[in-house]
Amino acid sequence: MSNGQRSRDRLWEMLLTAATIWSVIEVPWQLEFGVSQRISTKVVQCLLTALFAIDLLLRWRHLWSSRRVTTTNARREDCPESLWWLLSDVPAAIPFALLPGPIGLVALRMSRLARLIQTLKLWRQRDIHNAGLLRLIFFVFWMLMISHWVACGWAALRDRLPGDKDGMHYLRALYWTITTLATVGYGDITPANGTQMLYAIMAMLFGVGLYGYGIGNVAHMLANIDQAQAHYHASLDRLSNFLRYRKIPMELQQQIFDYYSILWERNLGYDEAVILRELPEVLRVEIAVAMKREFIEKVPFFQGASPQLLREIAVELHPILFRPGDDVFRKGEIGRHIYFISKGTVEVIAGDGKTVLATLTEGSFFGEMALLHKRPRSATVRAVEFCDLYALDKATFENIIACFPDFAAHIKNEAERRAAH
Ligand code: CMP
């Protein structure tokens, strides 16, 4: 994906997020105070509907084209998940502003909430430099959002004081909500009947939970993040000095920093191999197996493999990350590793640089031919999306092939099948 396309996608995502935030603030208000008949409100409603409908169409098109990509080992469950997300957004795209008096339908727009939660989570994962700060910001954001919803509910249950307009009535409700959720509870506004008492009890219980979470969890989160972040920044500073000293071109430097950003996002910048190397042999094997269990379970061949083989392989598999568009290797290069895909998709590209021979996904392996036949790479392999791969070096591969005939037979069969294509 080009940079221009990426920033257009980001902009669109921000626009949708802003529209969603507006909706989830406005909807509870409208449920309490009614849909405003002002022309400006109608226009905003129509714009939001159009925006959500366009988003739905775009994502439908994207889902449709991604389903048509032929993959040799495609996971079928990928599609239902996207389809589910897509369907959950359909209610938000209903043009209720054009229908006469459908106040209940307004609530359908809250279905965007699921998408908002997902988007904010994604942002937090992506903006790794400010992960701690973002967590705090999102915590405050959700607190305000929940306060707004609780306040709208309280406003709906309470009778208005004489002379109070919508704004004042809401402000009183918000004041009660904040004092209750923050466990301050001045007691100047008290429930007047059973329903209000039940509502107040729920708000108080929720407030205690929120308060506990806020104080305990956020402080703990920050302490942990800071530790990892300090380690990460120290490594980055060292690397940055080195790159400047060796006068590496800026573009390449940026690529290296991007790589580290993703590494940070995935495992807080810790290099698994370095950490494992510091452990005693017995522990190293156990931890390697535990860390790679999830991946090993994804590789069909490993299901029937002996525990001994799995232990051998787990210790020697080294994680490598590739970004979309990166070449894992190019045709004609000397083969030094065989690769297993833990996450992501790669394309095997023929010598003309265009023909896609195969698309390989989670659980597949590649790069075996060059090692088996002691020939240069027969094709280029390129990452289509972010790919977590595990590499096994040539010497270990040859040892394992020699010691485990089943493994050798499987790899050789697959190599022959591929060569015949
Ligand atoms: P190697 O020749 O080492 O490097 C390119 C790799 O692409 C090759 O090993 C195989 O693992 C893989 N490959 C080549 N052709 C195909 C194919 N038709 N289908 C799937 N994988 C292939």
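Residues numbered from 1 in each chain as written. Predicted model: local features only at pLDDT ≥ 70, side-chain atom pairs only at ≥ 80, totals over all residues. Heavy atoms only, no water.

Asks: Kindly report on the overall build of the chain, identifying the contributing residues and their values.
Replies: Counting its regular elements, the chain contains 15 helices and eight strands. Scored against the burial criterion, the 421 residues of the chain give a buried share of 38%. Pairs at least 24 apart in sequence give 72% of the contacts found in the chain among residues at least 6 apart. In the structure as shown, the chain presents an accessible area of about 24500 Å², 62% of it carried by carbon and sulfur atoms. (Helix = DSSP H or I, 4+ residues; strand = E, 2+ residues; numbered from the N terminus. Buried < 20%, exposed > 50% of the residue type's maximum accessible area, 1.4 Å probe, protein only. Contact = heavy atoms within 4.5 Å. Areas by Shrake-Rupley, 256 points an atom, 1.4 Å probe, with all protein chains shown as cover.)

Asks: Can you explain the sheet that holds strand S6 (residues 365-366)? Please cite residues and give values.
Replies: The strand order across the open sheet formed by four strands is S1-S8-S3-S6, and the pairing between neighbours is antiparallel. Strands at the two margins of the open sheet, each flanked by one partner only, are strand S1 (318-322) and S6. Pairing of strand S3 (residues 337-343) with strand S8 (residues 387-393), which is carried by six bridges, proceeds in the antiparallel orientation. Within S8, the position partnered with Phe340 by the bridge is Tyr390. (Pairing = 2+ DSSP bridges.)

Asks: Go over the pattern of salt bridges, please, and point to the residues and values.
Replies: Enumeration according to the criterion identifies 13 salt bridges in this entry. A salt bridge links Asp164 to Arg172, with the shortest nitrogen-to-oxygen separation between them at 2.7 Å. With a relative accessible area of 12%, Asp164 lands in the buried category. Here Arg172 falls in the partly exposed class, since its relative accessible area comes to 31%. Arg382 is the salt-bridge partner of Asp327, the closest N and O atoms lying 2.6 Å from each other. Of this pair, Asp327 sits in strand S2 (residues 327-329) while Arg382 sits in strand S7 (residues 380-383), placing them 55 residues apart in sequence. When its relative accessible area of 21% is taken as the criterion, Asp327 is described as partly exposed. Assessed through its relative accessible area of 29%, Arg382 is described here as partly exposed. Overlapping salt bridges bring together Glu368, Glu414, Arg417 and Arg418 as one network. (Salt bridge = Lys/Arg side-chain N within 4 Å of Asp/Glu carboxyl O.)

Asks: Provide a residue-level description of the site of the ligand, including the pertinent values.
Replies: Taken together, the neighbourhood of the ligand is formed by 13 residues, with Gly367, Glu368, Ala370, Arg377 and Ser378 sitting nearest. Ala370 places a main-chain nitrogen or oxygen 2.9 Å from an oxygen atom of the ligand. Contact distances for the ligand include 3.2 Å between an oxygen atom and a side-chain N or O atom of Arg418. For the ligand, whose free accessible area comes to 450 Å², the fraction covered by protein is 95%. (Near = heavy atom within 4 Å. Polar contact = N/O pair within 3.5 Å; in protein donor to acceptor, adjacent residues only side chain to side chain.)

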